[in-house]
Amino acid sequence: MTVTIITIDGPSGSGKGTLAAKLAQHYQFHLLDSGALYRLLGLALSQQNLLDDLDDLHRLQQSASIAQNLNICFLSDDATTKTRVLLNDIEVTEQIRTEQVGEYASRVAAIPVLREALYKRQRDFAQAPGLIADGRDMATTIFPEAQVKIFLTASAQSRAERRVKQLRDMGMDVNICTILANIQARDERDTQRSVAPLKAAEDAYVIDSSNLGIEAVFQQMVQYIDRHIAK
Ligand code: DC
């Protein structure tokens, strides 16, 4: 049985996460939140004080081994489309969404050996009937064979505004200028890195969500996907 793979790539704050979860529910497909894997790895390495010494070969090997053996679990709730995330059996759902862990993830994601260590784990998510894969390099590197490739983008300013709202809703006290600067720094690192940089695949359908609400983007995606997948 062929597994239908739909990739949604784009920068953080473009609405990818929410849309990928909605699409997975709509099509009853599995969901891969690859950013969460990088966040979990960043958190795991910081807990073991390995993040600042990744130039050291021994520590890098140790970190790659941690990446391959990460003890993680995604628990999805069909009713809410929310997913709980566990690292070593401890719930870290909210912790991995903090700015600090986002920063750890971005550092980890720039290291080729660590990206490779997460490659197979990501491929393993492709199971029948299908997968919605959310990330930066889903279409270009992890699932180049995907039947549908979507690249979702938005201006840095609108992404910062959404991020501030999301963090305030989680009870965090945040400042828009700091968040905007963080987003710009992360964009720079994600687009400039030598391995699997953030960019649209040549055959991707590009959507700019700067002036569109989630529902409008969702409808646009469903129309595009329905035209491109065999039913
Ligand atoms: O999507 P996110 O904000 O949760 O991703 C966290 C970091 O991980 C971000 O800086 C980019 C990186 N990442 C990546 O390099 N490749 C992916 N497929 C997913 C995320």
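Residues numbered from 1 in each chain as written. Predicted model: local features only at pLDDT ≥ 70, side-chain atom pairs only at ≥ 80, totals over all residues. Heavy atoms only, no water.

By the naming in an unreviewed UniProt entry, the protein chain is Cytidylate kinase, taken from Acinetobacter larvae. We quote the UniProt Sequence similarities (unreviewed entry) comment for the protein chain here in full: "Belongs to the cytidylate kinase family. Type 1 subfamily." Looking at the protein chain in UniProt, the text filed under Subcellular location (unreviewed entry) is "Cytoplasm". (UniProt positions renumbered as here; feature names shortened; annotations may be inferred.)

Chemist: How would you sum up the site of the ligand? Please name residues and give values.
Modeler: Near the ligand, the surroundings consist of 18 residues, among which Ser 34, Arg 39, Arg 115, Arg 136 and Asp 137 are the closest. At 2.6 Å, a side-chain N or O of Arg 39 approaches an oxygen atom of the ligand. Between an oxygen atom of the ligand and a side-chain N or O atom of Arg 115, the distance comes to 2.8 Å. Starting from 450 Å² of accessible surface for the ligand in isolation, the protein chains cover 96%. (Near = heavy atom within 4 Å. Polar contact = N/O pair within 3.5 Å; in protein donor to acceptor, adjacent residues only side chain to side chain. Areas by Shrake-Rupley, 256 points an atom, 1.4 Å probe, with all protein chains shown as cover.)

Chemist: I'd like to hear about the packing of aromatic side chains, residue by residue, with values.
Modeler: Counted according to the given criterion, the structure contains three aromatic pairs. Here the aromatic rings of Tyr 27 and Phe 29 are separated by 5.7 Å at their centres, their planes lie at 35°, and the arrangement is tilted. Residue classification places Tyr 27 among the buried residues on the basis of a relative accessible area of 14%. For the pair Tyr 205 and Tyr 224, a centre-to-centre distance of 4.0 Å together with 10° between the ring planes defines the contact as stacked. Residue Tyr 205 is located in strand 8 (residues 205-208), and its partner Tyr 224 is located in helix 9 (residues 214-228); the two are separated by 19 residues in the primary sequence. Here the basic side chain of Lys 22 rests over the ring of Phe 218, its NZ or CZ set 4.7 Å away from the ring centre. (Phe/Tyr/Trp six-rings, centres within 6.5 Å; stacked < 30°, edge-to-face > 60°. Buried < 20%, exposed > 50% of the residue type's maximum accessible area, 1.4 Å probe, protein only. Helix = DSSP H or I, 4+ residues; strand = E, 2+ residues; numbered from the N terminus. Lys NZ or Arg CZ within 6 Å of the ring centre and 35° of its normal.)

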